[in-house]
Amino acid sequence: MRNVSHILEKQLTDYLVTDQARFYRLAYSYLKNREEALDAVQTAVCRALEKQDGLHDADALRTWFTRILINECKQELRRRGREQVEAPPEQAAQDFDALPLKEAVQRLPQEMREVVILRYFSDLTLAQTAQVLGLAP
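Residues numbered from 1 in each chain as written. Predicted model: local features only at pLDDT ≥ 70, side-chain atom pairs only at ≥ 80, totals over all residues. Heavy atoms only, no water.

**Quick word on the packing of helix α2 (residues 20-31) against helix α4 (residues 61-79)**
Then comes step 1: Between α2 and α4, the least distance of the axes is 10 Å, while the angle of their chain directions is 35°. The two elements α2 and α4 cross, and the hand of that crossing is right-handed. Side by side, α2 and α4 meet where Arg 22, Phe 23, Leu 26, Ala 27, Tyr 30 and Leu 31 of the first sit next to Arg 62, Phe 65, Thr 66, Leu 69, Ile 70, Cys 73, Lys 74, Glu 76 and Leu 77 of the second. (Axes fitted to C-alpha atoms, helices over the stretch in contact; angles between N-to-C directions. Helix = DSSP H or I, 4+ residues; strand = E, 2+ residues; numbered from the N terminus. Left-handed = near helix turned anticlockwise from the far one by under 90°. Contact = heavy atoms within 4.5 Å.)

This is the structure we're talking about:
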């Protein structure tokens, strides 16, 4: 069992290191604030490392961590009373706000917005998106 656990730990570590930009984009799409998005990613990474013993299937790694990150973003939104803080203008060109479809995506209801962001901006499959959002078994 230790060998399997060690392999999963290596895959988790590699994943967390290589996909940092995607994590940031996802967190920023929820929080609209550079510093809060970075903090959310850092907290989610720490939580994932703390809870890595609960991950038993390497195929579920991406959806497992995405769920942790989304939960952290939603917790931050609750902490700040759902007040939306915009990123400084000089940062906007590098972030989700700079995308031409930003306004249309932001007008979607929360549930639909999550699906679009996860599927098209985080490159999850439909099955992974459904799993992250708890919409399908």
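**Observations concerning the nonpolar core**
Then comes step 1: Counting residues in hydrophobic clusters, the biggest one holds 31 residues, and the most contacted among them are Trp 64, Phe 65 and Leu 69.
Then comes step 2: Of all the secondary structure elements, the ones that give two or more residues to this core are α1 (2-18), α2, α3 (34-50), α4, α7 (110-121) and α8 (126-133).
Then comes step 3: Among the elements that take part in this core, α4 stands out by supplying 8 residues, more than any other.
Then comes step 4: Setting aside its immediate chain neighbours within four residues, Trp 64 contacts Leu 12, Ala 48, Lys 51, Gln 52 and Leu 55. (Core = buried A, V, L, I, M, F, W, Y, C linked by side-chain atoms within 4.5 Å. Buried < 20%, exposed > 50% of the residue type's maximum accessible area, 1.4 Å probe, protein only.)

**Here's the deal with the environment of Thr 13**
Then comes step 1: Considering the arrangement of structural elements, one finds Thr 13 in helix α1.
Then comes step 2: Residue classification places Thr 13 among the partly exposed positions, given a relative accessible area of 36%.
Then comes step 3: A C-alpha to C-alpha distance of 9.7 Å links Thr 13 and Ala 48, two positions 35 residues apart in sequence.

**Let's talk about the environment of Gln 128**
Then comes step 1: Tracing the backbone through its elements, the reader meets Gln 128 in helix α8.
Then comes step 2: Not counting residues within four places of it along the chain, the set of residues in contact with Gln 128 comprises Arg 62 and Thr 63.

**Let's talk about the packing of α3 against α4**
Then comes step 1: At a closest axis distance of 9 Å, the pairing of α3 and α4 adopts a crossing angle of 130°. It follows from the interaxial angle that α3 and α4 lie oblique. Along this stretch, α3 crosses α4, giving a crossing that reads as right-handed. Only Trp 64, Phe 65, Ile 68, Leu 69, Glu 72, Cys 73, Gln 75 and Glu 76 of α4 make contact with α3, whose side of the interface consists of Glu 36, Ala 40, Val 41, Thr 43, Ala 44, Val 45, Arg 47 and Ala 48. (Parallel < 35°, antiparallel > 145°, perpendicular 65-115°, else oblique.)

**Considering the packing of aromatic side chains**
Describing an aromatic ring pair means giving the distance of the ring centres and the angle of the ring planes.
Then comes step 1: Under the definition given, this model contains 4 aromatic pairs.
Then comes step 2: Relative to Phe 23, the ring of Tyr 15 has its centre 5.2 Å away and its plane inclined at 65°; by these criteria the two rings are edge-to-face.
Then comes step 3: With a relative accessible area of 1%, Phe 23 lands in the buried category. (Phe/Tyr/Trp six-rings, centres within 6.5 Å; stacked < 30°, edge-to-face > 60°.)

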